[in-house]
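# Summary of structural features
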Amino acid sequence: MEGSAAMSPNLLYSTEEQDLRASVRDLLTDRCPPERVLELCEEGGTGDPALWHTLATQLGATSLNVPDELGGQGASVREVAVVAEELGRFVAPVPFLGSAVLATSALLGCRAGEHRDAVLAEVAAGNRTATLVVPLSSCVGGSFPTAVRAREGRLSGSVRTVAEGAGADCLIVPAGGAEGPELYVVDATESGVTVDAVTSFDITRPVSDVDLEDVAGVRIAGPDLAATVLEDAVRTGAGVLASEQVGVAEWCLDSTVEYLKQRYQFGRALASYQALKHRLADLWYELVVARAAARYAADQLATAGDDAPVAVGVAQSLCARVARHAAEECVQLHGGIGMTWEHPAHLYLKRAKADEIALGSPSAHHGVLGPLVDLHPAP
């Protein structure tokens, strides 16, 4: 077909993306080894503000897909996905998903305006951290949330299990207004804002309950745009999360292979046993397929491709299962040491299980995918 070459998706990593990956990996290797993550978890799972500041200010991880004129780097979701993949590989306790992906995507989707531009520039520069005030389990295709109500610029309501809300400086809040869906920016220090951390299965990604009681907000999207902005932001988040899940699965496979090479039983390396080879080969194949799906989703989001809804649904439903399977195999094949707190395998299992329901479970994405590809449930 004429012109098909120009439209073909690019699933390979560019030289610039490989360089970005190397920079992020070097930083995380130095500043975010497993023992450091475990130490932070023992301190209460508050994250690593110093690492987050370095990622934002020195590597520009928070401004990759923000336009140049707003202090960003003018890149795309492809680069954002590369960073997410590396953060998943290290289960780094930083608010990348909430601030650099969900909140930033919502801000980018709104029309330019003085307040929106100022907030976006601050978030991109790493001077402020933001989050999108929706439940972490939110999925594309759902109705616009109305747990928060807006009346004359004042917001009241409660939202449960918001990702990375505890350390956010500003909140991007969907609200039901008198004329329909609206989107507001709220300063987290405003009187009437309460953010309470709740127990999270994944202690490297804390969640919080957000309560607003007659809080002042600045509207950045009205009924004509707010629902679309929120849908696109959640879809972008789900697509980027698929790359994070690839990073989780890759670490689990690599660490398991390395362990089985070193561990001996009955005078033989465990890696020489055929049954274990088969399990690892199956997992490697799953990871290859998952990476291709995640890269396609990132490419479609970056180019605003028509296939983006399908690509994200396929990637998220597939990568979620692969990451969970890889983490389970990692724990089991490490034997007794894999069951201990001191070994980081449990961090990856918890991240994989939490990610499996974040921004839509596989079954939820299947429900969205069906009509898109003309598959409907049997009557």
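Residues numbered from 1 in each chain as written. Predicted model: local features only at pLDDT ≥ 70, side-chain atom pairs only at ≥ 80, totals over all residues. Heavy atoms only, no water.

## Things to note about the side chain of Gln 245
Mapped onto the fold, Gln 245 is located in helix H8 (residues 226-262). A polar side-chain atom of Gln 245 sits 3.2 Å from the main-chain carbonyl oxygen of Asp 355. (Helix = DSSP H or I, 4+ residues; strand = E, 2+ residues; numbered from the N terminus. Polar contact = N/O pair within 3.5 Å; in protein donor to acceptor, adjacent residues only side chain to side chain.)

## Here we look at the nonpolar core
In this structure, Phe 96, Ile 172 and Leu 183 are the most contacted members of the largest nonpolar core, which totals 99 residues. The leading source of residues in this core is H8, at 16 residues. Setting aside residues no more than four positions away along its own chain, Leu 183 makes contact with Ala 106, Cys 110, Ile 172, Val 173, Pro 174, Val 218, Arg 219, Ile 220, Ala 221, Ala 226 and Val 229. Core analysis: the next-biggest nonpolar cluster, separate from the first, contains 17 residues, Val 148, Val 162, Tyr 184 and Ala 188 among them. (Core = buried A, V, L, I, M, F, W, Y, C linked by side-chain atoms within 4.5 Å. Buried < 20%, exposed > 50% of the residue type's maximum accessible area, 1.4 Å probe, protein only. Contact = heavy atoms within 4.5 Å.)

## Let's talk about the side chain of Arg 295
Within the fold, Arg 295 resides in helix H9 (residues 274-302). Leaving out residues up to four positions away in the same chain, Arg 295 has contacts with Leu 11, Leu 12, Tyr 13, Glu 17, Arg 78, Ala 81 and Val 82.

## Some points on the packing of aromatic side chains
In this structure the tally under the stated criterion is one aromatic pair. Both rings, one in Trp 251 and one in Tyr 348, keep their centres 3.8 Å apart while their planes meet at 5°; by these two values the pair is stacked. Taken together, the residues span a long stretch of sequence, with Trp 251 in helix H8 and Tyr 348 in helix H11 (residues 345-357) at a distance of 97 residues. Tyr 348 shares its class with Trp 251; the two are buried. Against the face of Tyr 13 rests Arg 21, its NZ or CZ located 4.4 Å from the ring centre. The ring of Tyr 273 is capped by Arg 268, whose NZ or CZ atom sits 4.2 Å from the centre of that ring. (Phe/Tyr/Trp six-rings, centres within 6.5 Å; stacked < 30°, edge-to-face > 60°. Lys NZ or Arg CZ within 6 Å of the ring centre and 35° of its normal.)

## Overview of the confidence of the model for the protein chain
Averaged over every residue, the pLDDT of the protein chain is 92; the share at 70 or more is 97%. Note that pLDDT drops below 50 for residues 1-6; the model gives that stretch zero contacts with residues more than four away or on any other chain. (pLDDT = per-residue confidence, 0-100.)

## Details of H9
The terminal C-alpha atoms of H9 lie 42 Å apart, and with 29 residues this matches the ideal 42 Å at 1.5 Å per residue to within 8%. Downstream of H9 by one or two residues, Ala 304 has phi in the positive range, about 55°. (Expected span 1.5 Å × (residues − 1).)

## Considering unusual backbone geometry
In the Ramachandran plot, Asp 214 falls in the positive-phi region, its phi being about 55° despite a non-glycine side chain. Residue placement: Asp 214 occurs in strand S7 (residues 207-216). The phi dihedral of Leu 359 is positive, around 55°, even though this residue is not glycine. Along the polypeptide, Leu 359 turns up in the loop between H11 and helix H12 (362-372). Its relative accessible area of 1% is what places Leu 359 among the buried residues.

## As for the packing of helix H5 (residues 77-89) against H8
Viewed as axis vectors pointing N to C, H5 and H8 meet at an angle of 40°, and their least axial separation amounts to 7 Å. Considering how the two elements wind past one another, H5 and H8 form a crossing that is right-handed. Here Val 77, Val 80, Ala 81, Ala 84, Glu 85, Gly 88 and Arg 89 of H5 lie close against H8, whose contacting residues are Thr 236, Val 240, Ser 243, Glu 244, Val 246, Gly 247, Val 248, Glu 250, Trp 251 and Asp 254. For the contact of H5 with H8, a count of residues per class yields eight nonpolar, four polar and five charged. (Axes fitted to C-alpha atoms, helices over the stretch in contact; angles between N-to-C directions. Left-handed = near helix turned anticlockwise from the far one by under 90°. Nonpolar A, V, L, I, M, F, W, Y, C, P; charged D, E, K, R; others polar.)

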